[in-house]
Every structure is written in structure tokens, then in C-alpha cells.
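# Fold and geometry: a report
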Amino acid sequence: MKARSVRYLIGEGLKNIWLNRMMSIASVGVLMASMLLMGLAIAFSENVDRIMSTIESQNVVMIYLDDDLSDEQVQSVYEQIRSLDNINPDETIYISSSQALEGVLETMGPEYEQYFDAYFGEGNTILPETVRASMIDLEQYDQTISAIENVDGVDSYDSSRDLAVILTTVRSAINTAGIWMIVLLSLISLVIIANTVRITMFNRKLEISIMKAVGATNGFIRFPFMVEGITLGIIASLLTVGVEYLLYKVAIRALEPIISILSFNPVPFSNFMWIILLIFLALGIIAGLIASVITISKYLRREGSEFSAL
Amino acid sequence: MSSGASQPLIEFKGVYKTYDNGTKALSDVNLRIDKGEFVFIVGPSGSGKSTFIKLIIHEEKLDAGEILVNGFKMSSLRKKEVPLLRRTMGIVFQDFRLIPTMNVFENVAFPMHVVGASKREIRKRVSYALNLVGLGRKARSLPRELSGGEQQRVGLARALVNKPSMIIADEPTGNVDPNMSYEIVDLLTEINRRGTTILMVTHEHQLVRDFDRRVVMIETGHIVADNAGGVF
Ligand SMILES: Nc1ncnc2c1ncn2[C@@H]1O[C@H](COP(=O)(O)OP(=O)(O)OP(=O)(O)O)[C@@H](O)[C@H]1O
Ligand SMILES: [Mg+2]
């Protein structure tokens, strides 16, 4: 095909998007909905990954001791914990209740000290004596935790491990659901785009019959429809990335309290923007192309009465 | 143009066409049309005139015999060759078939885009064709702004813009008023005078008599008369 034919046909395809703008908008909308769900799943899973690696790098269990222990008892509990299997003694430290308060004040701001003092009396806190223990191997988490619980003088413990377990479960659920969702949504998008092309084709049957009458090849007739499908795919991809950028910003702001509790930094949008843009473009272009090719081929294969039967 | 040894453009040799539902539309049709001729096809409704045309433009396939059109053998025409065959002819439709969203100029230019003509060629040929049919001033009009006769003249301009060796017209005057019919056939005569073979199906007997050309008459799928001079 000559370059100027290609140029002409691209123009025709674009003109057609405009002439059938209602259907074009519908197709882009449906494509965007599918892509957006997919993109949000990706964003979620990126962030879960980051939380997980933060948690895993810590391997930390905060062990709170009973209130009524004497200093010697505290010291003995600390030593017992340090000597447990799977506990790294070098990274296991004792945090006295006043140190704990300092830590709290450090994060909350020193101006809160007066409130603590006013509340509990100067020098007193209700913060427990704490041992910050570090595990060597997270695989042996359960055994280690029960060993810790069995130490006399241990009141309770706190670890981000529970959160990690929940997050892993949620993530794998979302991944599985996500794959099915993507398959389903891709099919729906395909059907909708195919329908758009079919409707434009119905409107353009006249044009196609004339094209055939003046000796246009099937490739020539198909071309504008392919341009149309691909362009709709590209438009949907770009818009979706834009919308997702905004949604992501809003979501992070809304989740700010939770995020600060987890003390992790959300993955910046730009980290995965190019990946999702590429995925969207590929999906959009493939969906547009398949839809237009399938639809028009059904019509072009027909032979006989191609001019009379309008 | 057709002086001297005449060259065949269309040849029917023992052609049969039966539709899938069993209708025998054409039986043992033998006919030769030379380059430069102007031929009217007449006959009662349902006699097979349109079928005859459809076989020439390869809208339908023949069952038996052979048809040669511009060197293309219709019995063994490959799918890929159909567009090439059609580029040698200009087809005029009874219902005009203009694209409503395109203006007159764009409608006429349409077949030239299909063959990948340059902008310059397109401008030159389209204005030539539009002037020939007397619509040079209506290039920017939309089809709906034109009368039936004018619309069919746009159809004619479109059919001749790619310099086809023949123009095939199945009842081109069927949807225009009688005075306009004469104007259309006048134009076809002029196009024929410039060298293009014309094949036209019509019901208008008076028109055929007045234009004094070769007349092929079909009845129930057979050619029953083939006379020169508007006689049938
Ligand atoms: N696609 C088709 N399928 C089945 N039968 C058909 C088809 N097209 C035409 N016929 C039949 O073939 C016969 C010839 O039809 P054709 O259209 O060639 O007639 P015609 O001479 O053009 O008639 P008219 O003057 O009414 O246009 C008719 O009996 C018609 O009913
Ligand atoms: Mg007919």
C-alpha cells in the first residue's frame, strides 16, 4: 500500500471515531473501567510488596513484661529471652519503661511530656518494661513465639508478623481474583469494541459497497477500522493512566493514618506508571485490533450480492 | 476509437447462471461487446438483466461457460484479482450510492484514493469529471443538497474518474425523472464518444429508440434479440 493511501486511511479511521463518537466514548469507557481495575490491583500489590519487605527486614518482636517485676527479675527474663533458639542475642535489647517513654515522646513530640507527667506523676509511666527481640528465621516464627510466651514474667508480645500474614493472604486473593477479573474484563472489552466496530460498519456498509465496487482490496477496506480500534485502545490507555494517577493520590491521602501507623512510604506512582502504561497500551491495541479484524472479516468474507444487498 | 479491427472487451460463451434457490437466471448466453461500443440491455422484469451485469462485475459467479472481461477469465478469477478487475470498470448504481457525509468532490475522489492517486492527480481528474457532468460549481455541496438527476451525475463522475475502459450502469435513470434520464444518457453518449465502452440496463423503451444504439434484449434468461440502431 502506498504511503499516501496509508495517510488517507488513517485520516478516515480517525474521522470515523468522531462521526461515531457516542460509540467511541462507550468503548473507551468500558476499556478504561477494565484497565483501571487492573491498574489499581497492580498499585495495591506494589505497595503490599513494599510493606512486606519492610516487615521482613525487621523480624522484630516487641515483648512486654509483667508490671510487678523487680529489676533482677527483669534482668533474668531478658537473659532467658536472649538465650532462646532462633533469637539473635546481639540484636535483642532491653528497653526500660522510661526509655520507652522517651521513644514515644520522640515520635509524638517533646511537648507531650508535660501531659504524661501530669497524668502519671513525674517520672512514672504506665509503659511496660520491654524486650525488643530479633528473630533469625521467620519460618520458625510460631515455635519461637510459644517459647517466648513460656518464659516467666512475659506478659504479652507484639509483632508485625500477624499483619504480614494478613497482607500475604489478601494479596494472593487479590492476585487470583485479579487474573480472573482481567480475563473477564478483557473479553467484555473485546465484545464492546467489536460491537462498536460492527455498528460503525453497519453505518458504513454503503461506503464499503462502494469501496468494493471501485476495486478496493480487503486490506484497504479493513485499514480504517483497524486504525479506529487501535486509536480507541490508545486513548483509553492514556486516559486510564491519568485517572489512576489521580485516584492513587487521593487514596494515599485518605489512607494517610493507616500508612503512618505502618511507618512505610507508599510506592510513588512513577515507579509503576510506565509498566502499567505499557500493559494498558498493549492490551488496548490488541483489543482494538482483534475486535476490528474479527468483526470486519466476517463481513468481507461474504461473496455475492455484495452491492445489491444493502 | 473503435474503428478498424474491433477488439472484444466483454465476451459471453455459453454462460449459465442458476441461483442457490434454483432460479435459472441466465441460460446459454453468448455475446460479444467490443471496445468503444454503447450497448443498451433491455427486457422484462426478472428476465436476467441484472444477473448479466452482476456476472460482469463478478458480484455473482457463473455456473457454466466462460466470460472474458478486459482479459480477466471469470470462471477462474481468483479472489485477489476481483479488485483489479473492478478497477477497469466504472459502476453506476440505480440508487446513486453517494456517501452522505462526504461532499460532491470527496465522493468523486473516493475511487482515486482507493488506487492511491496523488493529491494533484485527484484535483485534476475530479474537476475534469465534475465539469464533464456539469457540476463543477457544486463540488462543495453535500449529496442531500442535490436533485436526483444531479446526484446521478455525481455517480457518473465517480464512475469515470479513474478512466475505466467501460462503464456499467444497471438502470441508472430508474430513480430520476424522465427529462433527467435523457440528460444522463446524453452524458453517457459523450463519455462513450471519448472512448469509454458503455453498458446500460434500462426499462425506458422510448429512450432506447431515441438514442439509436445497439440493443440486446433478454427474456427469461436468453438473449432474444441483438440489433443495431435502437431496434428491438
Ligand atoms: N440473489 C438472488 N437469489 C435468488 N434469485 C435471484 C437472485 N437475484 C435474482 N434472482 C432471480 O433471478 C431472476 C433474474 O433476476 P434479475 O435481477 O437478473 O432480473 P432483472 O432482469 O434485472 O429484473 P428487473 O428488471 O426487475 O430488475 C429473477 O427471477 C430473480 O427473482
Ligand atoms: Mg434488475
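Given the structure is predicted, the values throughout are model-derived calculations rather than measurements. Counting restarts for each chain: residues are numbered from 1 in the order of the written sequence. Chain letters start at A and ligand numbers start at 1, both assigned in the order the entries are written. Local features are withheld for residues below a pLDDT of 70 in this predicted model, meaning they are given only at 70 or higher, and side-chain atom pairs are given and counted only at 80 or more; totals for whole chains, interfaces and linings count all residues. With hydrogens and water stripped out, all remaining heavy atoms of the structure feed into the side-chain values.

## Here's the deal with the overall build of chain A
Check the secondary structure of chain A and you find 11 helices and four strands. In terms of overall size, chain A is more extended than a compact globule, its C-alpha atoms giving a radius of gyration of 32 Å where 310 residues would be expected to give roughly 19 Å. For chain A, the spread of C-alpha atoms along the three principal axes comes to 100 × 40 × 30 Å. Throughout this description, buried means an accessible area under 20% of the type-specific maximum (1.4 Å probe, protein chains only), exposed means over 50%, and partly exposed covers the range between. Within chain A, the fraction of its 310 residues that count as buried is 39%. Carbon and sulfur atoms make up 62% of the accessible area of chain A, which totals about 16800 Å². Only DSSP runs of H or I reaching four residues or more are called helices, and only runs of E reaching two or more are called strands; each is numbered from the N terminus. All radius of gyration figures rest on C-alpha atoms, and the globule criterion is 2.2 Å times the number of residues raised to 0.38. Values of accessible area rely on a 1.4 Å probe in the Shrake-Rupley scheme; residue burial ignores everything except the protein chains shown.

## Observations concerning the interface of chain A and chain B
Residue contacts follow a heavy-atom distance rule, with two residues in contact if any of their heavy atoms lie within 4.5 Å. With 28 residues of chain A at the contact, the number on the chain B side is 28 residues. Roughly 2400 Å² is buried in total at the junction of chain A and chain B, and carbon and sulfur atoms are behind 58% of that figure. Here, a salt bridge means any side-chain nitrogen of Lys or Arg that lies within 4 Å of a carboxyl oxygen of Asp or Glu. Here chain A and chain B share zero salt bridges between them. Each polar contact in these results corresponds to two N or O atoms within 3.5 Å; when the atoms are within protein, one needs to be able to donate a hydrogen and the other to accept it, and residues that are neighboring in sequence are counted only if both atoms are side-chain atoms. Counting across the interface, chain A meets chain B through four residue pairs in polar contact (both at pLDDT 80 or more). Among the elements that take part in the side of chain A that touches chain B, helix α8 (residues 205-213) of chain A stands out by supplying seven residues, more than any other. Gly is placed with the polar residues, together with every amino acid not listed as nonpolar (Ala, Val, Leu, Ile, Met, Phe, Trp, Tyr, Cys and Pro) or charged (Asp, Glu, Lys and Arg). Its residues placed into classes, the side of chain A that touches chain B shows 12 nonpolar, seven polar and nine charged. Each of two parts loses accessible area, computed with a 1.4 Å probe, when they are put together; buried area is these two losses added.

## Quick word on the environment of Glu59(B)
Residues and elements named next belong to chain B. Here Glu59 is to be found in the loop between α1 (49-56) and β4 (64-69). Judged by relative accessible area, Glu59 falls into the buried class, the value being 4%. The sequence separation of Glu59 and Val82 amounts to 23 residues, and the corresponding C-alpha distance is 9.2 Å.

## Comments concerning the sheet that holds strand β1 (residues 8-18) of chain B
Residue and element names in this part refer to chain B. The sheet built from four strands is open, its strands ordered β2-β1-β4-β5 with antiparallel pairing. Every other strand in the sheet has two partners, leaving β2 (24-34) and β5 (72-73) as the edge strands with one partner each. Note: β1 against β4, five bridges, orientation antiparallel. Across the sheet, Phe12 pairs through a bridge with Ile67, a residue of β4. A fitted line through C-alpha atoms serves as each axis, taken over the contacting stretch for helices, and the angle formed by two N-to-C directions is quoted from 0 to 180°. Together, β1, β2 and β4 form the strand contacts of α1, whose direction differs from that of β1 by roughly 120°. DSSP calls a pair of strands paired once it identifies at least 2 bridges connecting them.

## Quick word on the pattern of salt bridges
Residues and elements named next belong to chain B. Across all of its chains, the model carries 11 salt bridges over all chains by this definition. The salt bridge involving Lys17 is made with Glu60; its shortest N-O contact spans 3.7 Å. Taken together, the positions of Lys17 in strand β1 and Glu60 in the loop between α1 and β4 put the pair 43 residues apart, joining distant regions of the chain. Glu60 gets classed as buried once you look at its relative accessible area, which sits at 10%. Put simply, Glu190 and Arg194 hold a salt bridge, and the shortest N to O gap is 2.8 Å. With relative accessibility at 22%, the residue Glu190 sits in the partly exposed group. One salt-bridge network, held together by shared partners, links Glu37, Arg214 and Asp226.

## Here we look at the confidence of the model for chain B
Values of pLDDT, the confidence the predictor places in each residue, fall between 0 and 100. Chain-level statistics for chain B give a pLDDT mean of 93 and a share of 98% at 70 or above. Across the interface, the model reports ipTM at 0.85; the global pTM reads 0.72.

## A short note on a nonpolar patch on the surface
Nonpolar side chains (Val, Leu, Ile, Met, Phe, Trp, Tyr) within 5 Å and like charges within 9 Å form the patches, drawn only from residues with over 30% relative accessible area and no salt bridge. A cluster of nonpolar side chains, Ile179(A), Trp180(A), Val183(A) and Leu187(A), forms an exposed patch at the surface whose accessible area comes to about 450 Å². Here Trp180(A) is to be found in helix α7 (residues 161-203).

## A word on the domain arrangement of chain B
Residues and elements named next belong to chain B. These domain boundaries are the output of an automatic or database domain assignment. In terms of domains, chain B is made up of domain 1 (1-88 + 165-232) and domain 2 (91-163). When each unit is reduced to the centre of its C-alpha atoms, the spacing between domain 1 and domain 2 is 23 Å. Taking both partners together, domain 1 and domain 2 bury about 1600 Å²; carbon and sulfur atoms supply 67% of that area. A per-residue breakdown of the area domain 1 buries against domain 2 is headed by Arg87, Asn175 and Leu187, which together make up 27% of the total. Applying the counting rule to domain 1 against domain 2 returns one salt bridge. Put simply, Arg153 and Glu183 hold a salt bridge, and the shortest N to O gap is 3.0 Å. Along the contact surface separating domain 1 from domain 2 lie five residue pairs in polar contact (both at pLDDT 80 or more). The greatest single-element share of the side of domain 1 that touches domain 2, amounting to seven residues, is contributed by helix α6 (residues 178-193). A per-class count over the side of domain 1 that touches domain 2 returns 11 nonpolar, three polar and six charged.

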